[in-house]
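Reading the structure
For reference, the chains in residue letters:
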Protein chains: 2
Amino acid sequence: MKNSSIADKPIGIFDSGIGGLTVLKEIHRLLPAESTIYLGDTARVPYGIRSSETVRKYSLQNSMFLMERGIKLLIIACNTSSATSLESIRNVLDIPVLGVIEPGAKAAAATTRNNRVGVIGTEATIKSGAYRKAIQNVNRSIEVIEKSCPLFVPLVEEGWLNDDITELTARRYLQEVKDAGIDTLVLGCTHYPLLKDVIKKVMGEQTVLIDSAIEKAKVVKQILTDLRILKKDTNGTFRKYYVTDSTDRFLTVARRFLLEPIEDITTIEIASLEMAT
Amino acid sequence: MKNSSIADKPIGIFDSGIGGLTVLKEIHRLLPAESTIYLGDTARVPYGIRSSETVRKYSLQNSMFLMERGIKLLIIACNTSSATSLESIRNVLDIPVLGVIEPGAKAAAATTRNNRVGVIGTEATIKSGAYRKAIQNVNRSIEVIEKSCPLFVPLVEEGWLNDDITELTARRYLQEVKDAGIDTLVLGCTHYPLLKDVIKKVMGEQTVLIDSAIEKAKVVKQILTDLRILKKDTNGTFRKYYVTDSTDRFLTVARRFLLEPIEDITTIEIASLEMAT
């Protein structure tokens, strides 16, 4: 296939649910000509409380579903999926696959001045130690302090973003990270950028927050440029959404994340995901 | 089959995850001779944020899985499943099927003195209106004030039971229920009995809390007695547990709910649930 026709193919992106829209938003902002297909596995969200085996199975199914729709590049927007399943997915797909851990880890390693980096994420992401390994792969002398924050996702989904209960919760979770004297904090979950204000307030202005959504969009642009499969213009550009549960709740919460209208959205059966593998 | 051999068969009980253990605990307490098989769908928990169609599909799969293990009675421990799927399950099973809504609703209707009852539960349970309908089926003149409390489940799973953040959250959720002047409050989710102390503190001592787990265990005993299939003694009594995700997290959180050791626990594949239907 000529590079020009590959260039016209969509970028595939999946998340356990809604949070990946923070990544999609950055892709749309940085690469407005690109077509995108987003899959939110809303019938099985959240992944962050599940075992790595189960997350891996779900992630592979999502990847195959998108592959069958002719994508040129796959983005794993979910931190939990990236932390547990990136290698397994790369092993079976013959297109570039981008996880969220590496861009965030590299940005953190490049940012810290005192070599003390904090990472917050779901239980599964923190348990995997993926960020710590990725950061120390860049610079072995960086100390990484990890902390899971299980209530952050439900707080965001409840819409309590700038809220005293959310702030109290953040104070409790972040105390030990703060006490460790970090100067850089990785927001290791796609929901967390929506809590930026609260987290900044708790951590203080001097701590740099790394939003992996932004970092990832930059890497996507770089890869597409390197491979010469960057889409040239907005002729035929489309943005398609799939969810595994009904669209109602997705559309309600999605407004908080994407801030642009979702027009083409389809509910698919989990069974069709399972057949994809 | 003779009633005596039916009597020896186990009671099947399923929940979206761990919460149904509050019901199981009451069954074990009230009916210690009965064998039980518990299925926790931990790979797809929570149900409370999903559409009713998806909850119905998952609930039917869980029911068929337990049926194939030769149960004599099925208990739907999950309020969300009971609210959305009880009739569909009764339509396909030829054994008694007990949901959690009716016992709780009857107890609430019998308890209220001022005919004002509050119901709290997950988004899906409250959206279904199942408790309101069931309470007004008993007494049409009872006013029912419903409120979903999405953060209660993650707060319980985090183990923040007697906690100031949980209390603040409860105050916010329960204010309108309290202002409505109810004298009876149905805890319409299996997780909520673990927040009894906090809810009592917020609502005041005069409000009666209806714990549907206790009510349901009483109904089970009554049904088994009526059908003469109550197990006579503890000869051959067993307690078996199935989960759909790995057992680690289940065993950790289960301690908060069951307060007895779990010995016989098996992880099953979701695929085997789907084949059951």
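Keep in mind that what you see is a predicted model, and the values were worked out from it rather than measured.

A few points about the domain arrangement of chain A
Residues and elements named next belong to chain A. Per the domain assignment, the segments of chain A are domain 1 (3–99 + 214–276) and domain 2 (101–212). If you average the C-alpha positions of domain 1 and of domain 2, the two centres end up 23 Å apart. Facing the 24 residues of domain 1 at the interface are 24 residues of domain 2. Summing both partners gives a buried area of about 1,800 Å² for domain 1 against domain 2, and 59% of it is carried by carbon and sulfur. Among the residues domain 1 hides against domain 2, the three largest losses belong to Asn79, Glu215 and Arg256. Together they make up 31% of the total. At the surface where domain 1 touches domain 2, the tally comes to one salt bridge. Linking domain 1 with domain 2 are 12 residue pairs in polar contact (both at pLDDT 80 or more), by the criterion used here. Sorting the residues of the side of domain 1 that touches domain 2 by element identifies helix H2 (21–30), helix H4 (79–92), helix H11 (212–226) and helix H12 (247–258) as the ones contributing at least two each.

Brief notes about the sheet that holds strand E8 (residues 208–211) of chain A
All names here are of chain A. Pairing is parallel in the open sheet, where four strands are placed in the order E6-E5-E7-E8. Two strands bound the open sheet, and with one partner strand each, they are strand E6 (143–148) and E8. Pairs of neighbouring strands in the sheet enclose a mean axial angle of 25°, with direction left out of account. Summarising the sheet, strand E7 (residues 184–187) and E8 pair through four bridges and their orientation is parallel. Bridged to Thr184 within E8 is Val208.

Remarks on helix H12 (residues 247–258) of chain B
Residues and elements named next belong to chain B. Burial in H12 covers these residues: Thr247, Phe250, Val253, Ala254, Phe257 and Leu258. Projected down its long axis, H12 shows its buried positions confined to an angular sector of 145°, all on one face. Buried residues belonging to H12 abut helix H2 (21–30), strand E2 (36–40), helix H8 (152–158), strand E9 (239–243) and strand E10 (264–267). Leu259 lies just past H12 and shows a positive phi near 60°.

Looking at the interface of chain B and chain A
The interface of chain B with chain A comprises 34 residues on the first partner and 35 residues on the second. Our count for the contact surface shared by chain B and chain A stands at 22 residue pairs in polar contact (both at pLDDT 80 or more). Every element with two or more residues in the side of chain B that touches chain A is listed here: helix H3 (52–67), helix H6 (123–128), H8, helix H9 (164–179), H12 and helix H13 (270–276) of chain B. In terms of residues, the side of chain B that touches chain A owes the most to one element, H9 of chain B, which gives six residues.

Basis of the calculations
Residue indices follow the written sequence of each chain, beginning from 1 at its first position. Each chain takes a letter, starting from A, and each ligand takes a number, starting from 1, following the order in which they are written. Selection of residues for local features in this predicted model requires a pLDDT of at least 70, selection of side-chain atom pairs for listing and counting requires 80 or more, and totals for whole chains, interfaces and linings are taken over all residues. Water and hydrogen atoms were dropped before computing side-chain values, which therefore reflect all heavy atoms in the structure. For every domain, the bounds stem from an assignment made automatically or drawn from a database. Contact between two residues is taken to exist if any of their heavy atoms lie within 4.5 Å; hydrogens are not considered. Throughout, buried area stands for the accessible area (probe radius 1.4 Å) lost by two parts on being put together, summed over both. Within this document, salt bridges are pairs made up of a side-chain nitrogen of Lys or Arg and a carboxyl oxygen of Asp or Glu, the two lying within 4 Å of each other. Whenever a nitrogen or oxygen atom comes within 3.5 Å of another N or O atom, the pair is scored as a polar contact, on the condition that within protein one atom can donate a hydrogen and the other can accept it, and that pairs from neighbouring residues in sequence are kept only if both atoms are in side chains. Numbering of helices and strands starts at the N terminus; helices are DSSP runs of H or I of at least 4 residues and strands are runs of E of at least 2. A pair of strands is treated as paired once DSSP finds two or more bridges between them. All axes here are fitted lines through C-alpha atoms, helices being fitted over the stretch that makes contact, and every angle between N-to-C directions spans 0 to 180 degrees. Working definition: with a 1.4 Å probe on protein chains only, accessible area under 20% of the residue-type maximum means buried, over 50% means exposed, and in between means partly exposed. Arc definition: directions from the helix axis to the C-beta atoms.

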